[in-house]
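# Architecture at a glance
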Amino acid sequence: MNFAGKVVLITGASSGIGAATAVKLSKLGATLALTGRKLDNLNDVAKECAQSPLVIPGDITKEADTERILKTTIEKFGKLDVLVNNAGILETGTIETTNLEQFDRVMNTNIRSIYHLTMLAVPHLIKSQGNIVNVSSVNGIRSFPGVLAYNISKVAVDQFTRCVALELAAKNVRVNCVNPGVTVTNLHKRGGMDEEAYKKFLEHSKNTHAMGRPGEASEVADAIVFLASNSASFITGTSLPIDGGRHAMCPR
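Residues numbered from 1 in each chain as written. Predicted model: local features only at pLDDT ≥ 70, side-chain atom pairs only at ≥ 80, totals over all residues. Heavy atoms only, no water.

Empty space within the second largest pocket amounts to approximately 310 Å³. For the second largest pocket, the lining is made up of 20 residues, of which Gln129, Gly130, Asn172, Arg174 and Ser233 are closest to its centre. Its residues assigned to classes, the lining of the second largest pocket comprises seven nonpolar, 10 polar and three charged. (1 Å grid on protein atoms, 1.4 Å probe; cavity = no way out; pocket = protein on both sides within 12 Å on 5 of 7 lines; lining within 4 Å. Points joined across faces, edges and corners; volume = space filled by probe spheres on them. Nonpolar A, V, L, I, M, F, W, Y, C, P; charged D, E, K, R; others polar.)

Counting residues in each nonpolar core, the largest one holds 29 residues, and the members touching the most others are Val8, Ile10, Leu25, Leu32, Leu34 and Ile224. If you list the elements that add at least two residues to this core, you get β1 (7–10), α1 (16–27), β2 (31–36), α2 (39–48), β4 (82–85), β5 (131–135) and α8 (217–228). Considering every element that reaches this core, the biggest residue donor is α8, with eight residues. Ignoring anything within four residues of it in the chain, the contact list for Leu25 reads Phe3, Val8, Ile10, Ala30, Leu32 and Val225. (Core = buried A, V, L, I, M, F, W, Y, C linked by side-chain atoms within 4.5 Å. Buried < 20%, exposed > 50% of the residue type's maximum accessible area, 1.4 Å probe, protein only. Helix = DSSP H or I, 4+ residues; strand = E, 2+ residues; numbered from the N terminus. Contact = heavy atoms within 4.5 Å.)

This next bit is on the pattern of salt bridges. Per the stated rule, a full pass over the model turns up nine salt bridges. As a salt-bridge pair, Glu219 and Arg213 come within 2.7 Å of each other at their nearest N and O atoms. Among the ionic contacts, a cluster of salt bridges with common partners joins Glu91, Glu101 and Arg105. (Salt bridge = Lys/Arg side-chain N within 4 Å of Asp/Glu carboxyl O.)

Let us now look at a nonpolar patch on the surface. A grouping of Ile95, Leu148 and Ile152 is seen on the molecular surface, where their side chains present a nonpolar patch of about 270 Å² in accessible area. Assignment of secondary structure puts Ile152 in helix α5 (residues 148–168). Of the residues examined, Ile152 reaches a relative accessible area of 36% and is grouped as partly exposed. (Patch = residues over 30% accessible without salt bridge, like charges linked within 9 Å, V, L, I, M, F, W, Y side chains within 5 Å. Areas by Shrake-Rupley, 256 points an atom, 1.4 Å probe, with all protein chains shown as cover.)

For the rest of this paragraph, the subject is the packing of helix α4 (residues 100–128) against α5. Here α4 crosses α5 at 15 degrees, and the two axes come no closer than 8 Å. As summarised for this structure, α4 and α5 are arranged roughly parallel, according to the angle between their axes. In this structure, α4 crosses over α5, and the sense of that crossing is right-handed. Along the contact surface, α4 presents Phe103, Val106, Met107, Asn110, Ile111, Ile114, Tyr115, Thr118 and Val122, while α5 presents Ala149, Tyr150, Ile152, Ser153, Lys154, Ala156, Val157, Phe160 and Leu168. For the contact of α4 with α5, a count of residues per class yields 14 nonpolar, three polar and one charged. (Axes fitted to C-alpha atoms, helices over the stretch in contact; angles between N-to-C directions. Parallel < 35°, antiparallel > 145°, perpendicular 65-115°, else oblique. Left-handed = near helix turned anticlockwise from the far one by under 90°.)

Shown next, in the form of structure tokens:
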């Protein structure tokens, strides 16, 4: 897989899956634009990249930031070949405990921001015959209690992926998503888990994933790179589980 000459914009690139994807794509020759809320973390990721990326700090839940991020990318590179919509948050809660503020925060980050950035990027992707890879979750495929707003947001990402794939297929723009299972990142800690709870959660994941372990960010990044590459030229509208078989199980 060769991304030489390809411009790739990655959201949520300051850590986890986004950071791992940036490093892998840089080694394959991609020209990168990386965005996220934490500038220091973005700069740390940039140092790991084989080629110096364009670093654009911003919050994609803010419309002005989203517009600026895409505008800066196009002004710098003149085109866009791949959009990786990776930014996302998790909040715990049930129908009894999730208030509307939490619901709106999750939906704004996990689906509304993807909708907005994709809407702005599509004209450029049509010109380049490019593609989009969205980062969803196994929670978009299966139902789990205790993370209600997150589940709903990820189902929306999967449906968004399929619908936009059908809308853009005739224009040779592919749209796919990956659906990670539990992956070792800081997502759950940001969602409120302390260190002890997180250790127990990862241990429990040995039972909830058929392959007996949680995933690594690099494993999800491998799938994103594949879907973004010409090796996946006849794949669109796909939700690809990267979850050690969790989507096929019925664990409690």
